[in-house]
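Residues per chain, in single letters:
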Amino acid sequence: MKARILVVDDEPEIRRSVRMILEYEGYDVQEASSGPEALALVEREPPDLMFLDIKLGGIDGLETLQKIRQTNETLPVVIISGHGTVSTAVEATKLGAFDFIEKPLASERVLVTIRNALDQTRLVDENRTLKRAVEARHQMIGESVSLRQIWDSIKRAAPTTATVLLLGESGAGKELVARAIHRNSLRSRERFIQVNCAAIPEELIESELFGHEKGSFTGATEKRIGKFEQADRGTIFLDEVGDMSAKTQAKVLRVLQEGEVERLGSAKTIKVDVRVIAATNKDLEAEIERGTFREDLYFRLSVIPIRVPPLRDRREDIPALVRHFVDLFSRENNRRPQRFTPAALEFMQKARWKGNVRELKNTVERLLIMTPGDAIDVDDLRDVVRVETRPAAPAASGDGGAAPLAPGTLREFKESAERKFLVEKLRENAWNISKTAEVIGTPRSNLYKKLEQYAITQESDG
């Protein structure tokens, strides 16, 4: 599609010469001889670019530009003048002009300016589209009472610089809450840096957070800027903060107290202005009792504690979440949207969702891929979605307890056996994740994924 360019000049010869240049290059050209005429054309159908003479009868070019900017902030406007001065160019720039060109207009100069202006517009549009896509992925969906309470907490916390501690199970949406706080804060134009403290090996996390100098340790072949420096003037989100070592905890505490970091291998301190949001699925007060988490760091982090509810406490949000994930997946994969029948949505509301919203999202995506029809019904869910099991019958042993239910499907049996195996190994190794991963022969990151999948925590085992 040809770009449409509006040429505004009270001299017919200037308009004709510019039209000839532009039409020869394949542009669609409109003309206006005055400011009011140009304003009417912009209001009716905005062009892709405007050339605007500074000397016009009635209202001049700068006044016309000022009026355009009141209703259209993105239209690129190039000011043209027969007797330009530096002060005029500066004034035009302040009012939002893209460029300033003096007459007589050289065709090469005009064409380069057009290409630059249209390229910038395209980049701005692409950036806006990408930003909308990112925001859609990180939307908090639902109207439940518990979610409205979360929004109330976000609105109170966001405008401040206070640290926030997000508490809740894995997959409940703590990252979404952190992003919502940043998006609604005074730092929203700055960077949001996320660090998963559980996924980074202990020997690398200090370098990741605080950076290092070249040669500071074996393998440090170049200088590295840490996450705290990257987040300067913005927000850093420390996910799974309960998994940090005592040494790293001490350094994070220093950042919070002094507002400065020190790269590994350097004695120089660097000032940083960072808003810290932390999250954990652990009971940090219990970790303090065990001596694995610093009490002073806990108090620094939990200035504003927000508990993120599990999905089982907001089941009424499940239909809206399912529809949101369907729409998101369909747009990202350029697929025709499939729909869940009312019976299927009701079935999903009864499911366990131990992995919370994250598990629900992954399940919806799997169903969309594996179901051939346009509609997804209850029969499509039975082998995928785990429904809440019925109350257990009294134990045959007569001890008054409840006998555990036998898994109903092969998949449930496998998962039950794997969960039991992991819990036993964790107990044997005093809940030391690294040691357990080594004993059972799996990467630490994979073990963390399994703990999230089965909602295994030391507290739940207690």
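Residues numbered from 1 in each chain as written. Predicted model: local features only at pLDDT ≥ 70, side-chain atom pairs only at ≥ 80, totals over all residues. Heavy atoms only, no water.

(A) Up close: the confidence of the model for the chain. For the chain, the average pLDDT comes to 87, and 91% of its residues sit at 70 or higher. Low confidence marks residues 389-405, where pLDDT is under 50. Its contacts with residues over four positions away, or in another chain, come to 13 contacts. (pLDDT = per-residue confidence, 0-100. Contact = heavy atoms within 4.5 Å.)

(B) Up close: the pattern of salt bridges. One pass over the structure, following the stated rule, counts 34 salt bridges. Among the ionic pairs, Lys103 bridges to Asp53, the shortest N-O distance being 3.4 Å. A residue pair is termed long-range when its members are at least 10 positions apart, and Lys103 in the loop between β5 (99-102) and α5 (107-137) and Asp53 in strand β3 (residues 49-53) qualify at 50 residues. Note on Lys103: relative accessible area 18%, which makes it buried. Across the pair Arg224 and Glu208 runs a salt bridge whose closest N-O atoms are separated by 2.8 Å. Within this pair, whereas Arg224 is found in strand β9 (residues 224-225), its partner Glu208 is found in helix α8 (residues 202-210), the two being separated by 16 residues in sequence. Taking relative accessible area as the criterion, Glu208 reaches 18% and is therefore assigned buried. (Salt bridge = Lys/Arg side-chain N within 4 Å of Asp/Glu carboxyl O. Helix = DSSP H or I, 4+ residues; strand = E, 2+ residues; numbered from the N terminus. Buried < 20%, exposed > 50% of the residue type's maximum accessible area, 1.4 Å probe, protein only.)

(C) Representation of the side chain of Asp239. As for its position among the elements, Asp239 is in strand β10 (residues 235-239). Here Asp239 is buried and forms no salt bridge, its nearest opposite-charge partner Lys174 lying at an N-O distance of 5.4 Å. Apart from residues lying up to four places away in sequence, Asp239 is in contact with Gln194, Val195, Asn196, Cys197, Ala198 and Ala279. (Lys, Arg positive; Asp, Glu negative; His and termini not counted.)

(D) Seen up close, unusual backbone geometry. Note that the residue after Lys103, namely Pro104, is joined by a cis bond; omega there is -5°. By the element assignment, Pro104 lies in the loop between β5 and α5. Although it is not a glycine, Trp353 sits at a positive phi angle of roughly 50°. Mapped onto the secondary structure, Trp353 falls in the loop between α14 (342-349) and α15 (356-370).

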